[in-house]
Amino acid sequence: MLEFENQNIEFKQEYVSDIRKEVMGFANAEGGTVYVGVRKDGAIMGVGDPDGVMLQIVNSLKDSLAPDIMPFVRVNSVDIEEKQVIEIDVTTGTNRPYYLREKGLKPGGVYVRKGSSTQPMTEEGIREMILQNSGRSFELCRSMNQELTFHTLKTEMQKRSIEIGSSQMRTLKLIGEDGLYTNLALLLSDQCETTTKVALFQGTDKELFRDRKEFKGSILKQLEDVYQFIDLVNKTKATFSGLDRTDRRDYPEEAVREALLNSIVHRDYSFSGSNLVNVYEDRIEFVSLGGLVSGLELKSIFLGVSQSRNPNLAAVFYRMRLIESYGTGIGKIERAYKVCPFKPEFETAKGVFRVTLPNRNEEQEAEVQKIDCANNDISLDEQKNLIIQYARENGSITRKEVEDLIGAGTTKAFRLLKELCEAGKLEQKGSGKLSAYLIK
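No experiment lies behind these values; they were computed from the predicted model shown. (Residues numbered from 1 in each chain as written. Predicted model: local features only at pLDDT ≥ 70, side-chain atom pairs only at ≥ 80, totals over all residues. Heavy atoms only, no water.)

Further remarks concern the packing of aromatic side chains. Scanning all chains against the criterion turns up six aromatic pairs. Each ring, one from Phe 201 and one from Tyr 280, has its centre 4.9 Å from the other, and the planes form 15°; the classification is stacked. Of the two residues, Phe 201 sits in strand 9 (residues 196-202) while Tyr 280 sits in the loop between strand 13 (275-279) and strand 14 (283-289), which places them 79 residues apart along the sequence. Counting every residue linked through ring pairs, the aromatic cluster contains Phe 201, Phe 209 and Tyr 280. The ring of Phe 209 has Arg 212 lying over it, and the distance from NZ or CZ to the ring centre is 3.4 Å. Between Arg 283 and the ring centre of Tyr 280, over which it is positioned, the NZ or CZ distance is 3.7 Å. (Phe/Tyr/Trp six-rings, centres within 6.5 Å; stacked < 30°, edge-to-face > 60°. Helix = DSSP H or I, 4+ residues; strand = E, 2+ residues; numbered from the N terminus. Lys NZ or Arg CZ within 6 Å of the ring centre and 35° of its normal.)

Turning to the packing of helix 13 (residues 380-394) against helix 15 (residues 410-422), a few remarks are in order. The geometry of helix 13 relative to helix 15 is characterised by a closest axis approach of 11 Å and an angle of 75° between their N-to-C directions. Of the possible angle classes, the one that applies to helix 13 and helix 15 is roughly perpendicular. Here helix 13 contributes Leu 380, Gln 383, Lys 384, Ile 387 and Ile 388 to the contact with helix 15, which in turn contributes Lys 412, Leu 416, Leu 417, Glu 419 and Leu 420. For the contact of helix 13 with helix 15, a count of residues per class yields six nonpolar, one polar and three charged. (Axes fitted to C-alpha atoms, helices over the stretch in contact; angles between N-to-C directions. Parallel < 35°, antiparallel > 145°, perpendicular 65-115°, else oblique. Contact = heavy atoms within 4.5 Å. Nonpolar A, V, L, I, M, F, W, Y, C, P; charged D, E, K, R; others polar.)

Another aspect to go through is helix 13. Compared with the 21 Å implied by 1.5 Å per residue over 15 residues, the 21 Å span of helix 13 between its first and last C-alpha is a close match. Within the span of helix 13, buried status applies to Gln 383, Lys 384, Ile 387, Ile 388 and Ala 391. Considered in projection along helix 13, the buried side chains sweep an arc of 140° and stay on one side of the axis. Away from the buried face of helix 13 by more than 90 degrees, exposed residues Asp 381, Arg 392 and Glu 393 are located. At the C-terminal side of helix 13, Gly 395 shows a positive phi close to 90°. (Expected span 1.5 Å × (residues − 1). Buried < 20%, exposed > 50% of the residue type's maximum accessible area, 1.4 Å probe, protein only. Arc of directions from axis to C-beta.)

A word on the sheet that holds strand 5 (residues 83-90). With mixed pairing, four strands are arranged side by side in an open sheet as 1-2-5-4. Two strands in the sheet have a free side with no partner beyond their single neighbour: strand 1 (9-12) and strand 4 (73-80). Within the sheet, the average angular offset between the axes of one strand and its neighbour, ignoring direction, is 20°. Here strand 4 pairs with strand 5 via eight bridges, running antiparallel. Residue pairing across strands places Val 73 opposite Val 90, the latter belonging to strand 5. Those strands touched by helix 1 (residues 19-27) are strand 1, strand 2 (32-36), strand 4 and strand 5, and its axis lies near 165° from that of strand 2. (Pairing = 2+ DSSP bridges.)

The subject of this paragraph is the side chain of Glu 403. Looking at the secondary structure, you find Glu 403 in helix 14 (residues 399-406). Take Glu 403: its relative accessible area is 12%, and that puts it in the buried class. Here Arg 399 takes part through its side chain, which lies 2.7 Å from a polar atom of the side chain of Glu 403. If sequence neighbours within four positions are ignored, Glu 403 has contacts with Ala 408, Gly 409, Thr 410 and Ala 413. (Polar contact = N/O pair within 3.5 Å; in protein donor to acceptor, adjacent residues only side chain to side chain.)

So, on to the side chain of Thr 356. Looking at where Thr 356 falls in the secondary structure, it is placed in strand 16 (residues 352-358). Under the relative-accessibility criterion, Thr 356 is labelled buried at 8%. In contact with Thr 356, not counting residues within four places along its chain, are Arg 283, Ile 284, Glu 285, Pro 344, Glu 345 and Glu 347.

A few words on the sheet that holds strand 15 (residues 345-349). Reading across from one edge, 10-9-13-14-16-15 is the order of the six strands in this open sheet, with mixed pairing throughout. Only two strands of the sheet have a single partner each, and these edge strands are strand 10 (208-215) and strand 15. With direction set aside, neighbouring strand axes in the sheet form an average angle of 15°. In this sheet, strand 13 lies alongside strand 9 in parallel orientation, the contact comprising five bridges. Bridge assignment links Ala 199 to a residue of strand 13, and that residue is Asn 278. The strands touched by helix 7 (residues 219-233) are strand 9, strand 10, strand 13 and strand 14; relative to strand 10, the strand with the most contacts, the crossing angle is about 155°.

Looking now at the environment of Gly 109. With respect to the helices and strands, the residue Gly 109 is situated in the loop between strand 6 (99-100) and strand 7 (111-114). Taking the C-alpha atoms as reference, Gly 109 lies 18 Å from Asn 183; in sequence the two are 74 residues apart. Sequence-distant contacts of Gly 109, that is, excluding residues within four places in its chain, are made with Met 24, Tyr 98, Tyr 99, Leu 100, Lys 103 and Gly 104.

Before going further, it helps to spend a moment on the packing of helix 14 against helix 15. Relative orientation of the contacting elements helix 14 and helix 15 amounts to 110°, with a least axis distance of 9 Å. The orientation of helix 14 relative to helix 15 falls into the category roughly perpendicular. Facing Arg 399, Val 402, Glu 403 and Ile 406 of helix 14, the residues of helix 15 in contact are Thr 410, Ala 413, Phe 414, Leu 416 and Leu 417. A breakdown of the residues in the contact of helix 14 with helix 15 according to their chemical character gives six nonpolar, one polar and two charged.

Dropping the structure here:
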């Protein structure tokens, strides 16, 4: 009679398919032994056809578990108390976590030995085990989702006449040494779990939304979709000098492109949050998770130092001619604002990096309004009095009516109305473009 079950020993009276979970649990933990032909109380029952049972066990483990667990498993027939018992000896695997092919790398598909039982792992536990046992960066770790498709990636590669078969995917690190998809593949796949959220605000703060969208799919698709959305709201202002007309967009296209690429290529994808783009009337903010790579400071970037957090993702983008080389994006953004008095801002905090692009036309308009105000000797208090008087005489006033009344831009009109509401002189009714302001 054998001892009772414990952290390293499991008894099975007869062969059942769930034996694969016990073997996986030991391989994902500290190893152990499964005895087939032994009752739960340790009594020896034996098996009638040891060779047939061993063949079933080996075939089940080969067919149902991934990665290949067999180098860490030894299946033997042993004689205990003159009865044949199958001994499955399992050592700790080097490619953990092992999982059920039919379930994948997710809860219900990954088991680990704890005490005298084998238990399913949580998603957080699976991610932690992948990182601990890979010794690699996030992008090279095994993807928890192996059911990936690459329609967007293949389409984009075809546009650039770049082959993207299995050998190229191995070279680009989309497929790891174990033959499984990496997290880099997940990011470029149609099943990418990271999203990009774009919010369009009225005015210069987050008080009123004009629009909001969440873009999904491959990060290549998100890159294109987000750029097209920003392009739609990137207005063009025309100025005239005599008969000559000059068109200037709110934001330099090159700066938008580089800031967007920077937020996608260099973020830390081990964080589960979305990429964020906030569009105000006087600026656009690109917010990415992860902050700067450990060991670098913000001033290091302006000295030309570059250390990519995702070098393999950057290599894919480089091959697709989306980026030129490491460390050139911020320089391009600065050069796009070279002749503009208002400069882009680069900020970092723990776990966050933000690039802010000023609206060239909004800032220019604000400067013109300051000059007009000074020339006409109209103070801010007088402008507020005009707004209150108009609202009293007409029952209400809108932001557009404020713009026409005092010759202000959208941002200034909204700011004055907000200040009057905070002072208790006006009250806002409705939201967005339908907002009206009444005497309180």
